[in-house]
Amino acid sequence: MNVDKAKKRIEKLVKKGFKGYPMVSIEYFGATADAATEVVMTFTLEEGAAPQAQKFLSKSDAREDETIQSVLVKTIERTEASTVAQVDGVSIIK
């Protein structure tokens, strides 16, 4: 899947807001705010349930990595997530 298409698909799902569970949350991390080298996707089945997290690493900016973005979209589809949340920007790793 094209990286721009995957990013637009995720963005569209995020804009819908909270629609209940299951919920997928995406957060990008990096040494600087300019490049995300790590992505953490968290899946929560229901309210109060322990979240399951999966981490993806990239040598370049993960937000522009076609493989990672495609996997995020496919995971959202497979989990049938009602809600998709995304933390804005890149969280700095110290």
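Note that the coordinates shown come from a computational prediction; the quantities given were computed from them, not determined experimentally.

Colleague: Got a minute to help me understand the nonpolar core in this structure?
Modeller: Generally speaking, a soluble globular protein has its nonpolar side chains buried in company with each other. By size, the foremost hydrophobic cluster in this structure holds 18 residues, and its most contacted members are Val24, Ile26, Val39, Met41, Leu72 and Ile76. Mapped by element, the contributors of at least two residues to this core are α1 (3-15), β1 (23-30), β2 (38-44), α2 (66-79) and β4 (83-92). Top contributing element to this core by residue count: α2, with four residues. For Val39, the residues in contact, after removing those within four places along its chain, are Ile26, Glu27, Tyr28, Gln54, Lys55, Phe56, Ala62, Ile68 and Leu72.

Colleague: What should I look at first to understand the pattern of salt bridges in this one?
Modeller: For side chains bearing opposite charge, pairing can occur when the charged atoms are close. Enumeration according to the criterion identifies six salt bridges in this entry. For Asp61, the salt bridge identified is with Arg63, shortest N-O distance 2.7 Å. On the accessibility criterion, Asp61 (18% relative accessible area) is buried. Connected through shared salt-bridge partners, Arg9, Lys74 and Glu77 make up one network.

Colleague: Help me out: how do you make sense of the packing of aromatic side chains in this one?
Modeller: Each aromatic ring pair is specified by the distance between its two centres and by the angle formed by the two planes. Inspection of the entire model under this criterion finds one aromatic pair. Between Phe18 and Tyr21 the ring centres are 5.5 Å apart and the planes differ by 75°, which places this aromatic pair in the edge-to-face class.

Colleague: Could you clarify how one ought to interpret α2 in this entry?
Modeller: The α-helix winds at 3.6 residues per turn, so residues separated by three or four positions along the chain end up facing the same way. End to end, α2 covers 20 Å across 14 residues, agreeing with the expected 20 Å (1.5 Å per residue, within 8%). Ile68, Gln69, Ser70, Leu72, Val73, Thr75 and Ile76 are the residues of α2 that are buried. Close packing links the buried residues of α2 with α1, β1, β2, β3 (52-57) and β4. Its side-chain oxygen placed 2.9 Å from the backbone nitrogen of Thr67, Asp65 serves as the N-cap of α2. Glu80, located one to two residues past α2, shows a positive phi value of around 55°.

Reading the values: rules and limits
Residues numbered from 1 in each chain as written. Predicted model: local features only at pLDDT ≥ 70, side-chain atom pairs only at ≥ 80, totals over all residues. Heavy atoms only, no water. Core = buried A, V, L, I, M, F, W, Y, C linked by side-chain atoms within 4.5 Å. Buried < 20%, exposed > 50% of the residue type's maximum accessible area, 1.4 Å probe, protein only. Helix = DSSP H or I, 4+ residues; strand = E, 2+ residues; numbered from the N terminus. Contact = heavy atoms within 4.5 Å. Salt bridge = Lys/Arg side-chain N within 4 Å of Asp/Glu carboxyl O. Phe/Tyr/Trp six-rings, centres within 6.5 Å; stacked < 30°, edge-to-face > 60°. Expected span 1.5 Å × (residues − 1). Polar contact = N/O pair within 3.5 Å; in protein donor to acceptor, adjacent residues only side chain to side chain.

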